[in-house]
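Inside the fold
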Amino acid sequence: TRETAIGNLVTDAFRAVTGSQLAVNNGGGIRAPISAGDWSYGNIVDALPYNNYLTVVRIKGSKLFELLVATTSNSPMEDGQFPQLSGFRFTLNTKAVGKARISNVEVLDDKTGRYSPLKMDAEYTLCTTDYCVTGGGMYNVLRDAEILRENIMLYNQALICYIKENLNGVIPEYYAATQGRIRIK
């Protein structure tokens, strides 16, 4: 239950394909790693084997915070709902309880490449899968979120598109390691 390089790759793909500000996926929806460099359709289907479709919702910063509290509540124990994310970062204190576990939530400004504090009243677009919105994933935190776009494409197809169109067909070394999106203390 931690940030993973494949989780970063997958959620970066979600953002790139949909143009959403943020992306999140439950870690249990990612079943195998994919190495930097060569990849195949089979690698991607092994990693993302479910019939999950991308969905974009509008949420407030307070809902994102609630999502982080819920999906990290069992950490450090293994939990398939633990988030993998893109477009934001946070600190998780596994020794604290409730809301005190989450701090330093910051949102990436794609134009400047800088992070700024999450604004609880601000609205954000978030890409995830239909399972995480309506199928019971993410402990149902997103079930009442306003759906902006749904059934966009299968989540494994989003990753294929991202690798082909944004990464010129090669997974770069950037995705060989994590990037500090989830800082655990």
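Before going into details, it helps to say that this report is about the structure given with it. (Residues numbered from 1 in each chain as written. Predicted model: local features only at pLDDT ≥ 70, side-chain atom pairs only at ≥ 80, totals over all residues. Heavy atoms only, no water.)

**Focus on helix α1 (residues 5–18)**
The condition is simple: Each helix corresponds to a stretch of at least 4 residues labelled H or I by DSSP, and each strand to a stretch of at least 2 residues labelled E; elements are numbered beginning at the N terminus. Residue count minus one, scaled by 1.5 Å, sets the expected span of a helix. Here's how the labels work: a residue is buried when its accessible area is under 20% of the maximum for its type, exposed when over 50%, partly exposed in between, all with a 1.4 Å probe on protein chains only.
In a regular helix each residue adds 1.5 Å, so 14 residues correspond to 20 Å; α1 covers 20 Å between its end C-alpha atoms and thus fits that length. For α1, the tally of buried residues reaches 12 of 14 residues, placing the bulk of the element in the interior. Positive phi appears at G19, one or two residues downstream of α1, with a value of about 75 degrees.

**What about the packing of aromatic side chains?**
Here is the rule: Pairing of aromatic side chains requires ring centres within 6.5 Å, counting the rings of Phe and Tyr and the six-membered ring of Trp. Pairs whose planes differ by under 30 degrees are stacked, by over 60 edge-to-face, and all others tilted. Here, a charge over a ring is recorded when the distance from Lys NZ or Arg CZ to the ring centre is within 6 Å and its angle to the ring normal is within 35 degrees.
Going through the model one piece at a time under the given rule, you end up with two aromatic pairs. Judged by centre distance (6.5 Å) and plane angle (75 degrees), the rings of Y162 and Y175 are edge-to-face. Residue Y162 is found in helix α5 (residues 155–166), and its partner Y175 is found in the loop between α5 and β9 (182–184); the two are separated by 13 residues along the sequence. You can call Y162 buried: its relative accessible area is 8%. For Y175, a relative accessible area of 5% gives the class buried. When the centroid spacing of 4.9 Å and the interplanar angle of 80 degrees are considered together, the rings of Y174 and Y175 count as edge-to-face. Here a set of aromatic residues connected by ring pairs shows up, and it is made of Y162, Y174 and Y175. Directly above the aromatic system of Y115 lies the positively charged group of R89, at a separation of 3.8 Å from the ring centroid.

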